[in-house]
Amino acid sequence: MLEKTYSPADVEARLYGRWEQSGAFASDVASNAQPYTIMMPPPNVTGSLHMGHALTMTVQDILIRYNRMAGRDALWQPGTDHAGIATQMVVERNLAAEGIDRRDIGREAFIDKVWEWKGQSGGTIVNQLRRLGASPDWERERFTMDEGLSKAVLKVFVQLHKEGLIYRDKRLVNWDPKMVTAISDLEVEPKEIDGNLWHFRYPLETDPNTHIIVATTRPETMLGDTAIAVHPEDERYKDLIGQYAILPLVGRRILIVGDEYADPEQGSGAVKITPAHDFNDFEVGKRHNLEMINIMDARAHLNDEVPEKYRGMERFEARKVVVADMEEAGLLEKIEPHRHTVPHGDRGGVPLEPWLTDQWYCDAATLAKPAIEAVETGKTVFVPKNWEKTYFEWMRNIQPWCISRQLWWGHQIPAWYGPDGEVFVAESAEEAIAAAEKHYGKAVELTRDEDVLDTWFSSALWPFSTLGWPDETPDLARYYPGDVLVTGFDIIFFWVARMMMMGLHFMKEVPFHTVYIHALVRDAKGQKMSKSKNNVIDPLDLIGTYGTDALRFTLSAMAAQGRDIKLAEGRVEGYRNFATKIWNAARFCEMNGCKADPGFDPASCQETVNRWIVGEVAKTADAVAGSLEAYKFNEAAAALYQFFWGTFCDWYLEFTKPILQTPEGGTEHPSAAETRATTAWALNRALHLLHPIMPYITEELWASFGEEADQLLVARPWPVLDKNLVDADVSAEMDWVVRLISEVRSIRAEMNVPPSAQIPLMLIGAGADGAARADKYRDLITRLARLSSIEVGGQAPAGAVQGVLDEATLVLPIADVIDIDQERARLAKEIAKAEGEMAKIDKKLSNQGFLAKAPAEVVEENKDRLAEEKERRDRLAAALSRLAQVG
């Protein structure tokens, strides 16, 4: 017997262990089945499960479980990312707590400490994915720093270098002076800062008493200025182009150049140019062949390129001194308060410095061309399709990719330097030594490059390195390319595009045919979750309170393409109630002797209601499969919810109670055995269909109801049902009954008819089919609609309310069971309240000031509320109009 209530905590760990031990998640390279591959985006080894993980992993798991049940050889490739800067920070922090600095113990010992940490704490995220019910092939789990993937990284770097696609260059990078490394754009966190705009006066060389005014938010960088830019068409400055100004505090002559980067409408129209410390200025410097003077060291202290007074100063200390000196020199025009965005490092937490430094670069523009063409020609498609535009915008404007990082943890760059700086790139030290000996004609000492590769470099190889490349393995031949990549929009460029580039370059084929971009999970008000807003929802807390299935179903039900998820805990609670409904329905079936009959043939049903539910199961199976194939997870969830709670529980189980439940002392209904078998069959098919989204409760119930309960549901085939099981006449007949009862219930609710009141129903104008159905299902309709009688034909009496069902008019005399005047007043009051709310919201949305200042999610929230109030007003108005019929 099933327990009275479903307890997820008692079920989930036990079932997950059974699944894993049974090998249910394993792919089979020797299988004859069609392969289906998803590459799991490897979470950071430092990570903990957050709501974004929960969504992306749930979606992937639904696809894998569905395709596995559909008979495909499904590989969901798991693994974790070494997360260079994040992992190094964690271990450095741990060492600091012991009073140890990594520089004191050296690189090799530090890396040993990182591996030690990974062995102890690196499995947290993987175990949390298990709690979510994720079913990847754990036996194949990979790590971006493991031996095989490291071999692939070396091979790729060396080959791209030989092809001239990897090179060293001096360019600006986002530099984190706290972490002392270049960082990727994804690790840049823009922050709004209340700062100042300092307006400085630079004297002209030809007339020191005449000044050109420039403005800056970073006064310390003026010490590295090498030009002033003005717009070539700006009449105020046309004559100055080609002349020189004198850089205050330094005395350097700086050229005045004409460049369209200068905006005549902004400030004075003249812009100071510091090519070594500003990305825009760097481009201006390249166009005009300007000197690029780096005035800072790696920790953002001023270096020897500035006057002696400022050398060694920390950048913000230097800022104060420069401003004071400019003021003392009479060259500070004015200071304006200025709120602006300052990029910060998301790990170090300090303002970043655009810094001119030697780094390793990858020629992304060349690698991007085939990746652009692959999407243009449909070899890879994005779902939703609008994300292709974002992909093209990034790829067609791609810049050289800085692939070196000044860290110790990561793939060390396979480059060695000779005594004269000659570089030797090789897969091993032995190869580099041999190349150097050949170059110099003798043995020389080589020094290895200390930098490591950007984490995204190894991640870009994930779809093929995890399958054994560069070796030609059976796994690589079978599972590459993958079928679909599931990810968020924020890493389309950082990861998706780079996998496309590397896959096409090294495998000559796209790494996946479809890229499904899921939405962002926001809080209930539509705001982005962040620790600073204190609105972060922990998926593990929700799992602990409501169970994994409830969270998974919530995320699926809300995963509409192109629409962010506004997650409220109440939604998860609601779908926990759905799990409870499934459990209670199974208990009802158990108590009524509904057991699986291995010989049951759904096509053999004689009872109309049984033929109907069989057809509804077939329609639902088709709808769910179609939705999953189209990545419409919300539609799949909606079809399942509507079928199980609505069609199966609210209608079929209620319709069949008189058949299943024999009155005391009475005779069993002639269709009882067929109905019990049909009920068990329908329940079991529903468990199959629900399983990809709600794996735990369905597996637990399958053990009690399955036709082959000794087999795990996770390994059972997906129900593919004959379309002939849908009988159009039977569907029309039972649909009519459902709609009739629903309409009567709706009218009763609108009119506030007490639930205990039994009222008569008149069916006026019904055709022959309607009259026959009313007669055939009279007992069922009166029981479920709480009617005292059903009369076909006649005249509508006074004091009756009316509804419409096809050609028939439904007439319900209600004057004797409700107070008409009181009900009319209640509805009018509710309508006025709804209209008052609508007016308030409409006024807010018409206020241009509100629209300009309010975050987009707040505006959307107000639009949603307006739509809800309008719908409520219209519903109440329809009820008031209906009440007018009563008199």
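Residues numbered from 1 in each chain as written. Predicted model: local features only at pLDDT ≥ 70, side-chain atom pairs only at ≥ 80, totals over all residues. Heavy atoms only, no water.

Peer 1: I'm lost on the sheet that holds strand β16 (residues 401-402) in this one. Help?
Peer 2: Strands pair in a sheet through their backbones, by hydrogen bonds, and they do so in one of two ways: parallel or antiparallel. Spatially, β6-β5-β14-β16 is the arrangement adopted by the 4 strands of the open sheet, whose pairing is antiparallel. In the strand order of this sheet, the two ends are held by β6 (181-182) and β16, each with one partner. (Pairing = 2+ DSSP bridges. Helix = DSSP H or I, 4+ residues; strand = E, 2+ residues; numbered from the N terminus.)

Peer 1: Just checking my understanding: could you explain the layout of surface pockets for this structure?
Peer 2: Remark: the empty space left among the atoms is shown by a probe the size of a water molecule rolled over them. Volume-wise, the second largest pocket comes out at about 1200 Å³. For the second largest pocket, the lining is made up of 40 residues, of which Thr 216, Thr 217, Arg 218, Asp 278 and His 340 are closest to its centre. Mapped by element, the contributors of at least two residues to the lining of the second largest pocket are β7 (188-203), β8 (211-216), β12 (270-273), α8 (279-288), α9 (315-328), β13 (332-345) and β14 (353-362). (1 Å grid on protein atoms, 1.4 Å probe; cavity = no way out; pocket = protein on both sides within 12 Å on 5 of 7 lines; lining within 4 Å. Points joined across faces, edges and corners; volume = space filled by probe spheres on them.)

Peer 1: Teacher, can you tell me more about the pattern of salt bridges here?
Peer 2: In a structure, side chains of opposite charge can pair up when their charged atoms sit close to one another. Scanning all chains against the criterion turns up 60 salt bridges. Notably, a salt bridge pairs Arg 872 with Glu 830, separated by 2.5 Å at the nearest N-O pair. Here Glu 830 lies in helix α27 (residues 820-845) and Arg 872 lies in helix α29 (residues 856-884), a separation of 42 residues in the sequence. Residues joined in a network through salt bridges with shared partners are Arg 218, Glu 314, Arg 315 and Glu 353. (Salt bridge = Lys/Arg side-chain N within 4 Å of Asp/Glu carboxyl O.)

Peer 1: What is the right way to read empty space enclosed by the protein from this model?
Peer 2: This model, assessed by the stated rule, comprises 3 cavities of 30 Å³ or more. Counted as a void, the largest cavity has a volume near 80 Å³. Lining the largest cavity are 15 residues, and of these Ile 85, Glu 187, Arg 405, Leu 407 and Thr 455 lie nearest its centre. The set of elements that each furnish at least two residues to the lining of the largest cavity consists of α3 (84-97), β6 and β21 (452-453). Each residue belonging to the lining of the largest cavity can be placed in one class, and the counts come to 7 nonpolar, 5 polar and 3 charged. Taken together, Leu 55, Tyr 516, His 518, Ala 519, Ala 559, Ala 560, Gln 561 and Gly 562 form the lining of the second largest cavity. Tallied by class, the residues present in the lining of the second largest cavity amount to 5 nonpolar, 3 polar and no charged. (Nonpolar A, V, L, I, M, F, W, Y, C, P; charged D, E, K, R; others polar.)

Peer 1: Explanation requested: unusual backbone geometry in the structure shown.
Peer 2: Most peptide bonds take the trans form, and the phi angle of most residues other than glycine is negative. For the bond from Val 383 to Pro 384, the omega torsion is -5°, close enough to zero to count as cis. Along the chain, the position of Pro 384 falls in the loop between β15 (381-383) and α11 (387-396). With omega at 15°, the peptide bond leading from Trp 469 into Pro 470 counts as cis. Mapped onto the secondary structure, Pro 470 falls in the loop between α14 (462-465) and α15 (474-479). In this structure, Leu 249 takes a positive phi of about 70° despite not being glycine. By the secondary structure assignment, Leu 249 is in the loop between β10 (244-246) and β11 (253-258). Leu 249 sits in the partly exposed class, given a relative accessible area of 28%. (Buried < 20%, exposed > 50% of the residue type's maximum accessible area, 1.4 Å probe, protein only.)

Peer 1: Hey, could you run me through the pairing of strand β5 (residues 166-176) in this one?
Peer 2: Each regular strand displays side chains that alternate between the two surfaces of the sheet. Sheet topology places β5 next to β14; 10 bridges connect them, and they run antiparallel. Of the residues in β14, the one forming a bridge with Lys 170 is Asp 358. Two strands pair when backbone bridges link them, and β5 and β6 are joined in this way by 2 bridges, in the antiparallel orientation. Counted as the bridge partner of Asp 176 is Thr 181 from β6. Here β5 folds back onto β6, and the loop between the two strands holds 4 residues, one of which, Val 180, carries a positive phi near 55°.

Peer 1: Would you mind showing me how to read the packing of aromatic side chains here?
Peer 2: Two numbers describe a pair of aromatic rings. These are the distance of the centres and the angle of the planes. Under the counting rule described, the total for this entry stands at 43 aromatic pairs. The side chain of Arg 102 reaches across the aromatic face of Trp 408, ending 4.5 Å from its centre. Here the basic side chain of Lys 118 rests over the ring of Phe 143, its NZ or CZ set 4.5 Å away from the ring centre. (Phe/Tyr/Trp six-rings, centres within 6.5 Å; stacked < 30°, edge-to-face > 60°. Lys NZ or Arg CZ within 6 Å of the ring centre and 35° of its normal.)

Peer 1: Looking at this structure, I do not really get the nonpolar core. What am I missing?
Peer 2: Grouped burial of nonpolar side chains is what soluble globular proteins tend to show. Ranked by size, the top nonpolar core spans 146 residues in total, and within it Trp 612, Phe 644, Phe 648 and Phe 655 carry the most contacts. Element by element, the count of residues in this core is highest for helix α21 (residues 633-660), at 14 residues. For Trp 612, the contacting residues outside a window of four places in its chain are Thr 647, Trp 651, Tyr 652, Phe 655, Val 730, Ser 731, Met 734 and Val 738. Within the second largest apolar cluster, 63 residues are counted, among which are Ile 166, Tyr 479, Phe 512 and Ile 517. (Core = buried A, V, L, I, M, F, W, Y, C linked by side-chain atoms within 4.5 Å. Contact = heavy atoms within 4.5 Å.)

These results come straight from atomic positions and should not be treated as a statement about function.
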